[in-house]
Amino acid sequence: MARMNEEGQWIVLMGLLVAVALFFLALIINQSALVGQTTAEGVLEFPKNDIRDLREAVFDYVDAAGALDPIERVDIEKDIITISLERKNAVVQFGNGTPQDVSGRWLRPVDIHYNNGVTVYNETVYY
Amino acid sequence: MLSLDFLAGFTIFMLALVMVLSMVPGLLAGLESSGIDYDAVAYRTGVILVEDPGWPAYPPWELYDRDNKEEIQRMGLAVSKETPNILLSTKVEKFFEESFFTSEDYRSKVIFGDIPYSYNISLRSETYNYMTGDPLPPGYGYIRRVVKIKEPGVAEIKSPGPEYVIPDPSAPEWNSTARNFTVRLNFSQLLDPGRGPAYRIDPRTEPVNITITNFGEYRNITGPSVNATLHNVTFWKMDPTRPNPRFTRIPFSYDTIDANLYTLHINGTADQHSLQPDVPVDSSISLVLKPAATSLFTLDQNSILDIRFNFEDDPPRTNITGTHPYDYTNVSHAGLKTAVLEVAIW
Amino acid sequence: MVNDAGQLYTMEGVAAGVIMLLAAYIVVSTTSIYTTGDTHIPDMQLEQLGSDVLAMMDAPNTNGTTSALETFVSTNNGTGFNSTFLSYCNATTRGTLDNLHMSANITYRDANANKINEYPFVAPDNTWTGRESAVRATRWVQLPKLSPKPVGMPGDMRTDPQAVLVEVLLWRA
């Protein structure tokens, strides 16, 4: 170990070159895919259309409830809850209370709960 | 000793390399992502256009004129937040007015983002065909939305119903030279929240369209040369929530013709008249009151707005009278129109 | 300690190896998300379009009337549903027609057995091979009392008011 032998350093240099090249290739492919993928997945994962549809279904149910007898009402409620669980893997619950006076109008508080394992949505809306 | 030097140097180098490499993706993300996030931006633009009514909400952004254009924050076309995919025709028409909005406006008020994206936004239905932006290159981000368009209704007063004709013109209470016909807009009735926003008549955001046809049948004296003269059209309002409510005449520039505020056509000709036309009417009167004018009237959800058509002749040449309510039974609605909206971004 | 030149070569070789391994590791760990990413954007666009079309078919054109979707389902008019659905989702602003195809099922609950059943509403056309990357769009429909029950509806379906789920499969041929 008298003095430094510099003949072997090209090996390290080669290794570095390969590493850097790999990195740049990966970066370019990866970054471009990542953005489009996360947006599309974010849109698909968040069940915005499902929740909107459920809300409208519940409002339709509340609209129609007055003209139905209690058995039919329970049946429709069961339809929505069991089909949601079976076909959409979503636990759904909803109910409506007695009308209340909300700034001069008589409105029913309607509870809507939705849970598909990823997204949980709870709402009390005066309808 | 020498290999110790080497090890120390190598370790420092490795540490630096790892740090730099972990920072590089962050630096490159912004540069590289613009190439592929076109679809995401197109999706976002589509959502803003189709599911949002825009901001400011009241007065709605489509009523802002050139001087106040900078106050528009966001251009959404939806009727309301609760009615996604249902667009308002007045918003659509304003949005595609290319002489009003520049491409910079579209970028900053509906597309958003740091990069000056190119865009092509188009809407088509049986009656609408709008497009704004540049021709499409290959490789653009894209979204297509199916929508319905809500159009304003028209109150058409066709042939004289008995309630709008003076039964006995010779009676003493009718000896004045003036004949008034009123169209009444009761806002508390029109804006009743029990009716969904997609089917509501809202004079604050949509034009009020009144057409009186077959006017000749209201004539007092027969003969083609004795048409009644439409002296003026005036606006009156009443706020029933105030004590002693009564109708007051709304100050307005009745004598200037401004197609942004109203259009008045008489006898089916293309001539524009002011609200003090003083012209003989032989067949029809068509008045379109634009929301830009209604917003000047300072009306709220309880107000009653009267549009008074005044005919003045001596002796009177028409027997028209009465009050025609502008409500859900009298205003014919064409229904929602299906359309398709496309957004392309590159 | 005769000659240490060989040891230094070894050390540099090991260093080069470590650098490359590290690079490869980081590269593999970051790009692994990429695998399925490219199919998501067309899926998202199709799913959004399908939901839009169902929502618009469910929006009555005038206040208080029955929506087109509810009418098609309650009269079991699959042909009408198919043509309306495709005319909505194949329309483009250039006036040319897109090439989307669909099939639809209706899911209902048999109240007596408390079982979920479905029946075909629109059968897939001949472009369906089973290998398409089809997306699913669904919509709730509340049916009024059916009297009489339209031809073609399954026997265990109730005639009382009920909520059914319309499921549409949508693919690009």
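Keep in mind it's a predicted model, so treat the numbers as computed, not measured.

**Student:** How would you summarise unusual backbone geometry if you had to cite specific residues and measurements?
**Tutor:** The peptide bond linking Trp 55 of chain B to Pro 56 of chain B adopts the cis configuration, its omega dihedral lying at 5 degrees. Its location among the elements puts Pro 56 of chain B in the loop between α2 (38-51) and β1 (86-88). Pro 148 of chain C follows Ser 147 of chain C through a cis peptide bond whose omega is -5 degrees. Following the sequence through the fold, Pro 148 of chain C ends up in the loop between β3 (135-143) and β4 (162-172).

**Student:** Break down the sheet that holds strand β1 (residues 91-96) of chain A for me, with residues and values.
**Tutor:** All names here are of chain A. What the 3 strands build is an open sheet, ordered β1-β4-β5; its pairing is antiparallel. Looking at which strands have only one partner, the edges of the open sheet turn out to be β1 and β5 (120-126). Put simply, the sheet's adjacent strands are angled 5 degrees from each other on average, direction ignored. Where strand β4 (residues 109-115) meets β5, 7 bridges bridge the pair, whose relative direction is antiparallel. Looking at the pairing, Ile 112 lines up with Glu 123 of β5. Across the sheet, helix α2 (residues 48-65) touches β1, β4 and β5, and the angle it forms with β4 is around 145 degrees.

**Student:** Got a sec to walk through the nonpolar core? Specific residues and values, please.
**Tutor:** Judged by nonpolar contacts, the single largest core of 86 residues is most densely connected at Leu 87, Val 147 and Ile 345 of chain B together with Val 53, Val 164 and Val 166 of chain C. Among the elements that line this core, the one with the most residues is α2 of chain B, at 8 residues. Those residues in contact with Ile 345 of chain B that lie beyond four places of it in its chain are Tyr 38, Val 41, Ala 42, Thr 45, Ile 111, Tyr 117, Tyr 119, Tyr 140 and Gly 141 of chain B. Listed in part, the 32 residues of the second largest apolar core include Tyr 218, Leu 230, Ile 266 and Leu 289 of chain B.

**Student:** Give a description of the packing of helix α2 (residues 40-57) of chain C against helix α4 (residues 78-89) of chain C that names residues and reports values.
**Tutor:** Residues and elements named next belong to chain C. At a minimum axis distance of 10 Å, the contact between α2 and α4 shows a crossing angle of 125 degrees. If you check the angle between α2 and α4, you find them oblique. The way α2 lies across α4 gives a crossing that is right-handed. Here Leu 49, Gly 50, Val 53, Met 56 and Met 57 of α2 lie close against α4, whose contacting residues are Thr 84, Phe 85, Tyr 88 and Cys 89. Here the residues of the contact of α2 with α4 are counted per class, giving 7 nonpolar, 2 polar and no charged.

**Student:** Can you tell me about the interface of chain B and chain C, naming the residues and giving the values?
**Tutor:** Taken together, the contacts link 26 residues of chain B with 22 residues of chain C. Breaking the side of chain B that touches chain C down by element, the ones donating at least two residues are α1 (2-33), β2 (119-125), β4 (141-150) and β16 (337-345) of chain B. At 6 residues, the largest contribution of residues to the side of chain B that touches chain C is made by β4 of chain B. By residue class, the composition of the side of chain B that touches chain C is 12 nonpolar, 7 polar and 7 charged.

**Student:** Quick one: what's the story with α2 of chain A, residue by residue and with numbers?
**Tutor:** Counted at 1.5 Å a residue, the expected span for α2 of chain A with its 18 residues is 26 Å, and the 25 Å between its end C-alpha atoms agrees. Within α2 of chain A the residues assigned to the buried category are Asn 49, Asp 50, Asp 53, Leu 54, Arg 55, Ala 57, Val 58 and Tyr 61 of chain A. If you follow the buried residues of α2 of chain A, they end up packed against α3 (70-88), β1 and β4 of chain A together with α2, β3 and β4 of chain C.

**Student:** An account of the pairing of β16 of chain B is needed here, citing residue identities and associated values.
**Tutor:** All names here are of chain B. Burial of β16 is extensive: 8 of the 9 residues sit out of reach of the surface. In terms of strand pairing, β2 meets β16 through 7 bridges, oriented antiparallel. What sits directly across from Ser 122, in β16, is Glu 342. Relative to β16, β4 runs antiparallel, the two sharing 9 bridges. Looking across to β16, one finds that Arg 144 is bridged to Glu 342.

**Student:** Outline the confidence of the model for chain A, listing residues and values.
**Tutor:** Confidence along chain A averages 81 in pLDDT terms, with 81% of residues attaining 70 or more. Averaged pLDDT values for the elements of chain A fall to 70 in helix α1 (residues 9-45) of chain A and rise to 92 in β4 of chain A.

Criteria and cut-off values
- Residues numbered from 1 in each chain as written.
- Chains lettered and ligands numbered in written order.
- Predicted model: local features only at pLDDT ≥ 70, side-chain atom pairs only at ≥ 80, totals over all residues.
- Helix = DSSP H or I, 4+ residues; strand = E, 2+ residues; numbered from the N terminus.
- Pairing = 2+ DSSP bridges.
- Axes fitted to C-alpha atoms, helices over the stretch in contact; angles between N-to-C directions.
- Contact = placed C-beta atoms within 7 Å.
- Core = buried A, V, L, I, M, F, W, Y, C linked by C-beta atoms within 7 Å.
- Buried ≥ 20, exposed ≤ 12 C-beta atoms within 10 Å, placed from the backbone.
- Parallel < 35°, antiparallel > 145°, perpendicular 65-115°, else oblique.
- Left-handed = near helix turned anticlockwise from the far one by under 90°.
- Nonpolar A, V, L, I, M, F, W, Y, C, P; charged D, E, K, R; others polar.
- Expected span 1.5 Å × (residues − 1).
- pLDDT = per-residue confidence, 0-100.

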